[in-house]
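Here is what each chain is made of, one letter per residue.
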Amino acid sequence: MGASIAEGGLDDDEEFSEAHDINVTPFIDVMLVLLIIFMVAAPLATVDLPINLPTSTATPEKKPDKPTYVSIKPDLSLAIGETPVKRPDLVRSLDAMADASKDRFIFVRADRAVPYGEMMDVLEILRAGGYAKIKLVALEGVPAASGQSPPAAVAKP
């Protein structure tokens, strides 16, 4: 609640009138803080590797806080997270990570264009390196009706 002084002067007869203006400063402060939070969080939520994942109608599982992704790109090159890695250095690079534990899950993402044999070679490299907990990553698809093939265009990430 505020008051203003009348324009005519400061006579005793004039009363102070209340100002009914909203103070927008706290709203602007909150919006600026939210803007900064989203500017910092948005780049962390995106993945820059162009991988065309297949779809799956399996029930999605909860993702861990800091998953370790091994990606197989269409050109058959490998990446851990977004860092390119050569095949012979895959296990060594996983062992050198901060959370180097053979008991953690390794999430393998492969592009649709990757041949089955190449994906199995990567899984064999991981198994030989001592990583037995491996999960395959796919896009969430819509279950197909009986006798129909699932539509690929309906899939969502």
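Just above sits the structure.
The written sequence of each chain sets the order in which its residues are numbered from 1. Residue-level local features of this predicted model are given only where pLDDT is at least 70; pairs of side-chain atoms are given and counted only at 80 or more, and the full residue set underlies all totals for whole chains, interfaces and linings. Processing note: side-chain calculations cover all non-hydrogen atoms of the structure and skip hydrogens and water entirely.

A.B. asks: Sorry, what's going on with the overall build of the protein chain here?
C.D. replies: Helix numbering and strand numbering both begin at the N terminus, where a helix is a DSSP run of H or I of at least 4 residues and a strand a DSSP run of E of at least 2. A count of helices and strands for the protein chain gives three helices and nine strands. Here the term buried applies to any residue with accessible area under 20% of the maximum for its type, exposed to any over 50%, and partly exposed to those in between, with areas from a 1.4 Å probe on protein chains only. Counting every position in the protein chain, which comprises 157 residues, the buried fraction comes to 20%. What sets the accessible areas is the Shrake-Rupley method with a 1.4 Å probe; for residues, cover comes only from the shown protein chains. Of the roughly 11700 Å² that the protein chain leaves accessible, carbon and sulfur atoms contribute 60%.

A.B. asks: When you look at the environment of threonine 68 in this model, what are you seeing that I'm missing?
C.D. replies: Tracing the chain through its elements places threonine 68 in strand 4 (residues 68–72). For the pair threonine 68 and aspartate 99, spaced 31 residues apart in the sequence, the C-alpha separation amounts to 9.4 Å. In this description, contact between two residues means that some pair of their heavy atoms is separated by no more than 4.5 Å. Discounting residues that sit within four places of it in the chain, threonine 68 has contacts with Ile80, Leu94, Met97, Asp99, Arg104, Phe105, Ile106 and Phe107. For the purposes of these results, a polar contact is taken to be a pair of N or O atoms within 3.5 Å, where, inside protein, one atom must be able to donate a hydrogen and its partner to accept one; residues adjacent in sequence count only when each atom of the pair is a side-chain atom. A polar contact is formed between the side chain of threonine 68 and the side chain of arginine 104, at a distance of 3.4 Å.

A.B. asks: Could you clarify how one ought to interpret the pattern of salt bridges in this entry?
C.D. replies: Close approach of charged atoms allows side chains of opposite charge to pair. Any Lys or Arg side-chain nitrogen found within 4 Å of a carboxyl oxygen on Asp or Glu counts as a salt bridge. Under the defined criterion, the tally for this structure stands at four salt bridges. Note that arginine 87 and glutamate 118 form a salt bridge whose closest N and O atoms lie 3.2 Å from each other. Pair noted here: arginine 87 is in the loop between strand 6 (83–85) and helix 2 (90–95) and glutamate 118 is in helix 3 (residues 116–128), with a separation of 31 residues, a long-range link. For glutamate 118, a relative accessible area of 24% corresponds to the partly exposed category.

A.B. asks: What's the story with the nonpolar core in this structure? I'm lost.
C.D. replies: One broad rule of soluble globular proteins: the nonpolar side chains tend to lie buried together. In this text, buried Ala, Val, Leu, Ile, Met, Phe, Trp, Tyr and Cys residues form a nonpolar core when linked through side-chain atoms within 4.5 Å. Counting residues in hydrophobic clusters, the biggest one holds 17 residues, and the most contacted among them are Val70, Ile72, Leu90, Leu94, Ile106, Val122 and Leu126. Within the residue set of this core, elements represented by two or more residues are strand 4, strand 5 (78–80), helix 2, strand 7 (106–110) and helix 3. Here the element with the most residues in this core is helix 3; it accounts for four residues.

A.B. asks: Explain the packing of aromatic side chains here, please?
C.D. replies: Each aromatic ring pair is described using two quantities: the centre-to-centre distance and the angle formed by the ring planes. Pairing of aromatic side chains here covers Phe, Tyr and the six-membered ring of Trp, requires ring centres within 6.5 Å, and sorts the geometry by plane angle: under 30 degrees stacked, over 60 edge-to-face, intermediate tilted. What the rule picks out here adds up to one aromatic pair. On the basis of an interplanar angle of 50° and a centroid distance of 5.7 Å, the ring pair of tyrosine 69 and phenylalanine 107 is categorised as tilted. With tyrosine 69 in strand 4 and phenylalanine 107 in strand 7, this pair connects stretches of sequence that are 38 residues apart. Looking at lysine 133, its charged tip hangs above the ring of phenylalanine 105, at a distance of 5.6 Å from the centre. Working rule: Lys NZ or Arg CZ, within 6 Å of ring centre, within 35 degrees of ring normal, means a charge sits over the ring.

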